[in-house]
Every structure is written in C-alpha cells, then in structure tokens.
Amino acid sequence: MTATTTPGRIGGGLLDPKQLWKSLPDALLKLNPRTLWRNPVMFIVEIGAVFTTVLAIGDPSLFAWLITIWLWLTVLSANLAEAVAEGRGKAQAATLRAAKRDTMALRLAEWTPGQDRTRYREESVAASELRQGDVVYVEAGQTIPGDGDVVEGIASVDESAITGESAPVIRESGGDRSAVTGGTKVLSDRIVVKITQKPGESFIDRMIALVEGASRQKTPNEIALNILLAALTIIFLFAVVTLQPMAIFAKAFQGAAPDTAALNADGISGIVLVSLLVCLIPTTIGALLSAIGIAGMDRLVQRNVLAMSGRAVEAAGDVNTLLLDKTGTITLGNRQASEFLPVEGVTPETLADAAQLSSLADETPEGRSIVVLAKQDYELRARAEGVMPNATFVPFSAETRMSGVDLTDRRIRKGAAAAVMKWVRENGGHPTEEVGDTVDAIAGSGGTPLVVAEHVEGQPARALGVVHLKDVVKAGMRERFDEMRRMGIRTVMITGDNPRTAKAIADEAGVDDFLAEAKPEDKMALIKKEQEGGRLVAMTGDGTNDAPALAQADVGVAMNTGTSAAKEAGNMVDLDSDPTKLIEIVEIGKQLLITRGALTTFSIANDIAKYFAIIPAMFAGIYPSLDALNIMRLSSPESAILSAVVFNALIIVALIPLALRGVRYRPSSASKLLTRNLWIYGLGGIVVPFVGIKIIDLIIQGIF
Ligand SMILES: Nc1ncnc2c1ncn2[C@@H]1O[C@H](COP(=O)(O)OP(=O)(O)OP(=O)(O)O)[C@@H](O)[C@H]1O
Ligand SMILES: [K+]
Ligand SMILES: [Mg+2]
C-alpha cells in the first residue's frame, strides 16, 4: 500500500514534541471529571489534585504548591497520551471527509438484468436520498453515490479515496469482486449498482468514526484490566489511610524527633498522604491503557485494515487456526476458461456452443470467460438474451454448484463434476469414464473442471465434455504460511471445489490442511468445531457464501473487493484485499497484548519500588533502625516525596512513545516471550524508579 491517506507514523520511538503540543488543548478538555471518571486510576489522581489545591490555598507553602502542580501534570500527562493517540486518526478522518462530497445519482426504476438501459425510467436524485435496494447507473468519470454491489457490467474503479492506493481496481457483477464503495470513482466503462447501505451508515461514515475513535469501546481484556487497577487503587488507598494512625503513634513515642513538613505531631500532612497514594496506585498503566488500545487500532488502519471491533483485534493476538478460502484468496481468483475438452463423438464446437449457451446469463467471471472463449476459439456469436425469449436461465449457486439454461426441448447444465454427473444420472444418463479421466487430469493440475451436460427431451441426459478453468496460486504464499506456522497458527484452506483440485492447490500453497466440496454450512461447522475448547479462529473470505463463516469466526477479515454481504458479516475489512494480511493483523494483536502486559508489569513493579524509596526516607527520623533501608539517601523527606511525584508524572510522558509504537514482536513461543518481558519490564520497573528518583532528588537539592 501507499500511505497517501495515512498521517505520519511515529517512527524510531521518539515522539515528535510538536505532537504533544498540538494535542494539549484536547488533553486539557479531558480534565473534565465527566469524561475522566471512566479511568478510575486517573480519576482518583484528579480528586487528589483538587484536594491538595484546596490545602495549598488554605496553608500555602512552596512544597504544597510544587506537589499540587505536579499532581495536575500527572493527570495531564495521561490525557496527553490519549489525545496524541487519537490525534493521529483525526488527520485521516479529514481526508476521508473530503471524499464524502454529496453527489447526484442516476436511479433506475424497474430494473431487470440484461435489459437495454434505454428502456428504464431514469431519475436524477441526490446521493443522500438513496435507499437500500435502489438501483443506480454509474459511468466513467462519475462518483459512485453509495455502497452496494455491482449487478451488471464491469468497470475499473479508482478507490484511492479510501485505500490510498492509486492503481485502479476492477469491480464486476456476479463474482466475489462485486462490492463498490460510495465516494470512489468509476474510471472506465459503466456499471449498474444495487445500493446496500442504509442512509447515513456508509462505509466511509463508519471509517471516519473508526479512525476518530468515536466508536471505540473498551475491549473485554481492557475492562478486566481496568477492574484490576481499580482494585489495586482501593488496596493502596487503605494502605495509605492506615499509615496515618501508625504515624501519629510513632510520633508520640518518639517525640524527640524533629518535625518536618511531612510529619509532625498531627501525623502525616494531607499533601503527603495524597502524594503517597498517587505514587503507589498504578498510574503508569492507568494513564497509558487507553492510548495502547487506540494505537493498536491505528496500527491496523496504517496497514489498511479497518477493525470494526476492538475485541477482534485482541482475539487476533491469540488466534490458533486460520481458515482461508481458495478462489480469490489463495489463488488470483479470476478463473478463466482455457480449453474445451469434449467426450468422444462430440465436436469441440458442439461443446463450446452448449457451454456458451448455458453461460449467457451467468454473470460470474467463470461464466463470462466461457462466453468469451467460445467466441474467440470457434467464432460462436454470443446470443443476446432478448433474442432467446424461451430461455430460462438457472443461476449459479454455491449450494447446487451448477448453472445452466432451460430451452423449450433442451436443458443444459455446467458445473462441478460431482454435481453435474448426479444431474445426468437423475435424468437417465450414464456419465462416461472419459469425463472422469479428463476431470481428474484437470483437477490434478490445480485447475477447476466444469462438466457440461445436456438433456434433450425424450433422450437420456449425457455429458458433452469438460471446460478447463485455470487459476494461479498467488506469489509468496508458501513463505507466508511458513511464517504462520512459526507463530503457532494452523492454516486450513476451505473450498467449494473438488478434493483433487483442492489438494493440488493446497500442496502448492503450503497450507497445513484443507477441506474440499465445502458448502457455506460446512465452513460454519468447521469453524464451530475448531472453536470447541476455546480455540480462536480467524477467517478470511470474500464471497457471499463466506458471510456466515465470517460472522462466526472470532476474527473475520473480509476482502474489500468482496461482496457487501461478506463485508457486513466480518469484523475487519482489508482495504488491500490481501489474504496474507492476517499475518500482520495477528502480529498487531499480539503486539497489543504484549505492550499492555509489559507496561502493566512495569507499572506495578514501579509502584512497589517507589514504596521502598519513600517510606524509609519519611520515617528515618523516627525509627533510626529504618535508616539501614534508606539506601537512596535522599536529601529530606520532602524532597523524597516531591521527587517521587515528579518521577511518577515524567515516567508517563516517557512511556507514551512505547505505548503508541508498541513493544516489538518477534515470532516465538508465548511462554518464552512472557519470561523475557517479565525480566525486562519487571526488573526495569524496579530499578528505574530508584535511579530516577535519586536523580530528581539531586536536581531539587541543587535548586534549593
Ligand atoms: N459460474 C459457475 N457455473 C457453474 N459452476 C460453477 C460456477 N462457478 C463455480 N462453479 C463450480 O462450483 C464449485 C463451487 O464454487 P464456489 O464458488 O462455492 O467455491 P469455489 O469458488 O471453488 O471455492 P472458494 O470457496 O475457495 O471460493 C466450483 O468449484 C466449480 O466447480
Ligand atoms: K503510581
Ligand atoms: Mg468462491
């Protein structure tokens, strides 16, 4: 992809200070308690800051004001993290809005497929007036007025407004490349589009809401973590509150110890209690949690993937099995007729003629390619539907795996070998051995054989021959599947095609397993089976027949080129329509989970370390024996507390880049990763505060 629509990524780990500055107004707005209460940890800090502000006004001192200022800065840092994360989507939303200009649409009344356009009543309406089910006509140079499926014709479309990709794409009726998006532009030819969107709920609308974070909801893991953080906060609140009677008691017994601003005969000052509390509660992760989630979604957007649910992004990090469909996902998907192979006694022309006749109204790419090949090899002229008034066309369905035509005294079918042979038998015929051999040969090479058969009234049905549909495995598939294996993900190809073709393609592409002759309900059943025992399943697909499976999967990635039904059913859409994108989606999911885990570990280790940094300094005057623990030798209790509060605020800002960029992920086993991160972030979390607080203490000492 190109990154024309995506705002600059935060590279190299360093945060552009300009971004912090630009997000400052948003961060200030987030101080509003009505929005902040959603983040319990930071909400407590804000209450604490209000409290110390009141105390500082009542009994002003430099110490009181410094603490108060830094407490407010702590809340502001958290808001800044979230605002910076959100700010990146806003630029993209602006680009998308530009594509949303209101256009005029040419609506067709009483449309039926295959008819000459001049027969319809046409009316020009504003795009915003269009309703679900309306049929519109769009030609070269015009903007597509709404989301829908192409029901007639083929056109090249410029989708750069949403994908950022300037190369035009083909959109055509019938197949799995039929979905078009409102706001994109037809470059050549003309198409008839059936609108599928509800007014005001267009794909671009949803994209805007998504990149702006307006529709973001907390994910299950995030909610669970929030509850844990709130619980920790309450525990520390008790710990701090019970410190007070202890302090008063100790002070009474050790009356000789000198009073300090932190501790006198009345106990610990309110300012110090609040400071202690803020230092102990998990402010680091509390401040960064939501930014981590937003950044995860944003990383997907950068890769042209729209995740409609945060839950799916999380699930992606834990996926065990990936199901892919064959045609159009593993293969290029424009299965083209390449050869007519008749049985003995039938001329190639007869076969080509029958195949063409049965495909005249078949709007699938396969059907159209048969019409074209017959025309080109045998100069058979495609007969227009209007010229054959007695013909009833039988459209292709994934259930029957056949399509065809019924004429007055002759019926023709073409389709999957098993389906057509069954049809021949049911109509009194015997499929010849020869068809079987031809079918096997084509399938063995990875091609799709379509058997053509006819049933003339009064005679037994008979197979006329086989059409060879050629398809090509996309480049680089094997390497990507190897990579998935290293990540511990099993890949399974599912296809409506026969087992032989399936095996040939599966071997060539290097998937772990395959399921052939799968009907939509079989795909569903396979997913449900895989999900048993808590395994998470991802699925990529593009066809209408993939829709139920996409909805059932934990991560359902619909190709943007696919049908509207598929895009509606999945919980992610890949604008690049690249099935191996799932590797990146899984990586981003894992990165999200790892980043959250690492920063939680760091945050909690950090808080515990702070406890040991401050408490000895505070009580050293009273309990000389505690002096042994006072390894940091901070200059005074006040300085110790102020240093801890300053450090607590600065560490949030320091970690914003990591929260946004994410902790690096390399394919390796989950347990190895966990141990490694526990070491780095756990140990780091313990050591960093000691060093940081000491440095700040020295600076404070230097100033005063
Ligand atoms: N237009 C058509 N007319 C008749 N038969 C068709 C047509 N298109 C496909 N078939 C047959 O029906 C079978 C099932 O098609 P279906 O679209 O369900 O699956 P597929 O495209 O082969 O696999 P996938 O699920 O990977 O997309 C094909 O393998 C082919 O034999
Ligand atoms: K803290
Ligand atoms: Mg298909």
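Residues numbered from 1 in each chain as written. Chains lettered and ligands numbered in written order. Predicted model: local features only at pLDDT ≥ 70, side-chain atom pairs only at ≥ 80, totals over all residues. Heavy atoms only, no water.

How would you summarise the packing of helix α4 (residues 62-98) against helix α6 (residues 203-212) if you had to cite specific residues and measurements?
Taken N-terminus to C-terminus, the directions of α4 and α6 make an angle of 165°; their axes are 8 Å apart at the nearest point. By the criterion of interaxial angle, the relationship of α4 to α6 is roughly antiparallel. Relative to α6, α4 is oriented so that their crossing is left-handed. Contact residues: Gly-89, Lys-90, Gln-92, Ala-93, Leu-96 and Arg-97 in α4; Ile-204, Met-207, Ile-208, Val-211 and Glu-212 in α6. Looking at the contact of α4 with α6, its residues break down into six nonpolar, two polar and three charged. (Axes fitted to C-alpha atoms, helices over the stretch in contact; angles between N-to-C directions. Helix = DSSP H or I, 4+ residues; strand = E, 2+ residues; numbered from the N terminus. Parallel < 35°, antiparallel > 145°, perpendicular 65-115°, else oblique. Left-handed = near helix turned anticlockwise from the far one by under 90°. Contact = heavy atoms within 4.5 Å. Nonpolar A, V, L, I, M, F, W, Y, C, P; charged D, E, K, R; others polar.)

Go over the site of ligand 1 with me, naming the residues and quoting the values.
The full set close to ligand 1 counts 23 residues, and Lys-326, Thr-327, Asp-362, Thr-364 and Ser-403 are the nearest of them. Separating a nitrogen atom of ligand 1 from a side-chain N or O atom of Ser-403 is a distance of 2.8 Å. One of the backbone nitrogen or oxygen atoms of Gly-496 is found 3.2 Å away from an oxygen atom of ligand 1. The protein chains hide 96% of the 610 Å² of surface that ligand 1 would expose on its own. Those elements that provide at least two residues to the shell around ligand 1 are α11 (326-330), β15 (402-406), β16 (410-416) and β17 (448-456). It is β16 that contributes the most residues to the shell around ligand 1, three residues altogether. Its residues assigned to classes, the shell around ligand 1 shows six nonpolar, eight polar and nine charged. (Near = heavy atom within 4 Å. Polar contact = N/O pair within 3.5 Å; in protein donor to acceptor, adjacent residues only side chain to side chain. Areas by Shrake-Rupley, 256 points an atom, 1.4 Å probe, with all protein chains shown as cover.)

Quick rundown of the UniProt feature "binding site: ATP" (unreviewed entry) in the protein chain? Include the residues and the values.
Under the feature "binding site: ATP" (unreviewed entry), the UniProt entry names Asp-362, Glu-366, Phe-396, Ser-397, Ala-398, Glu-399, Thr-400, Arg-401, Met-402, Ser-403 and Lys-414. By the element assignment, Glu-366 lies in helix α13 (residues 365-378). When its relative accessible area of 14% is taken as the criterion, Glu-366 is described as buried. Here Glu-366 is in contact with Arg-335 and Leu-469, once residues within four sequence places are set aside. Positionally, Ser-403 belongs in strand β15. Dropping the residues within four chain positions of it, Ser-403 is found in contact with Asp-362, Val-394, Pro-395, Phe-396, Ile-412, Arg-413 and Lys-414. One polar contact links Ser-403 to Asp-362, side chain to side chain, over a distance of 3.5 Å. (UniProt positions renumbered as here; feature names shortened; annotations may be inferred. Buried < 20%, exposed > 50% of the residue type's maximum accessible area, 1.4 Å probe, protein only.)

I'd love a proper account of empty space enclosed by the protein, names of residues and values included.
Under the criterion given, the structure shown has two cavities of 30 Å³ or more. Computed from the structure, the largest cavity encloses a volume of approximately 50 Å³. Along the walls of the largest cavity sit Ala-416, Ala-417, Ala-418, Thr-448, Pro-449, Asp-497, Asn-498 and Glu-517, which together make up its complete lining. At the level of secondary structure, the elements contributing two or more residues to the lining of the largest cavity comprise α14 (417-426) and β17. (1 Å grid on protein atoms, 1.4 Å probe; cavity = no way out; pocket = protein on both sides within 12 Å on 5 of 7 lines; lining within 4 Å. Points joined across faces, edges and corners; volume = space filled by probe spheres on them.)

Would you mind going over the pattern of salt bridges in detail, with residue names and values included?
In the structure shown here, the tally under the stated rule is 30 salt bridges. Across the pair Lys-30 and Glu-86 runs a salt bridge, and its minimum N-O distance is 3.1 Å. Linking Lys-30 in the loop between α1 (17-29) and α2 (33-36) with Glu-86 in helix α4, this pair joins segments that are 56 residues apart in sequence. Considered together, Lys-30 and Glu-86 belong to a single accessibility category, that of buried residues. A salt bridge links Lys-581 to Asp-576, with the shortest nitrogen-to-oxygen separation between them at 3.0 Å. Of the residues examined, Lys-581 reaches a relative accessible area of 4% and is grouped as buried. The exposure class assigned to Asp-576 is partly exposed, which follows from its relative accessible area of 26%. Within the structure, one salt-bridge network assembled from shared partners comprises Lys-326, Arg-335, Glu-366 and Asp-497. (Salt bridge = Lys/Arg side-chain N within 4 Å of Asp/Glu carboxyl O.)

For the nonpolar core, give the residues involved together with the corresponding values.
Of all hydrophobic cores here, the largest spans 114 residues; its most connected members are Leu-288, Ile-330 and Met-572. No other element matches the 15 residues that helix α21 (residues 581-619) contributes to this core. Listed in part, the 37 residues of the second largest apolar core include Leu-380, Ile-442, Leu-450 and Val-451. (Core = buried A, V, L, I, M, F, W, Y, C linked by side-chain atoms within 4.5 Å.)

Tell me about the coordination of the potassium ion (ligand 2), and name the residues and values.
Ligation of the potassium ion (ligand 2) by protein atoms is provided by Val-278 (O), Cys-279 (O), Ile-281 (O), Thr-283 (OG1), Asp-607 (OD) and Asn-648 (OD1), these donors lying 2.4 to 2.9 Å from the ion. Taken together, the six donor atoms coordinating the potassium ion (ligand 2) and their angles of 68 to 162° define a geometry best described as irregular. Along the chain, the residues donating to the potassium ion (ligand 2) are arranged with the sequence spacing V-C-x1-I-x1-T-x323-D-x40-N. Of the two residues, Cys-279 and Ile-281, neither departs from the other in class, the shared state being buried. (Donors = N, O, S within 2.8 Å, 3.2 Å for Na, K, Ca; no water. Tetrahedral: all angles 85-135°; square planar, octahedral: opposite > 155°, others 65-115°.)

Mind laying out unusual backbone geometry, listing which residues take part and the relevant values?
Its identity is not glycine, yet Asn-304 carries a phi of approximately 65°, on the positive side. Note on placement: Asn-304 falls in the loop between α9 (283-302) and β11 (305-307). At Arg-401, a residue that is not glycine, the phi angle is positive and equals roughly 60°. Locating Arg-401 in the fold gives a position in the loop between β14 (392-394) and β15.

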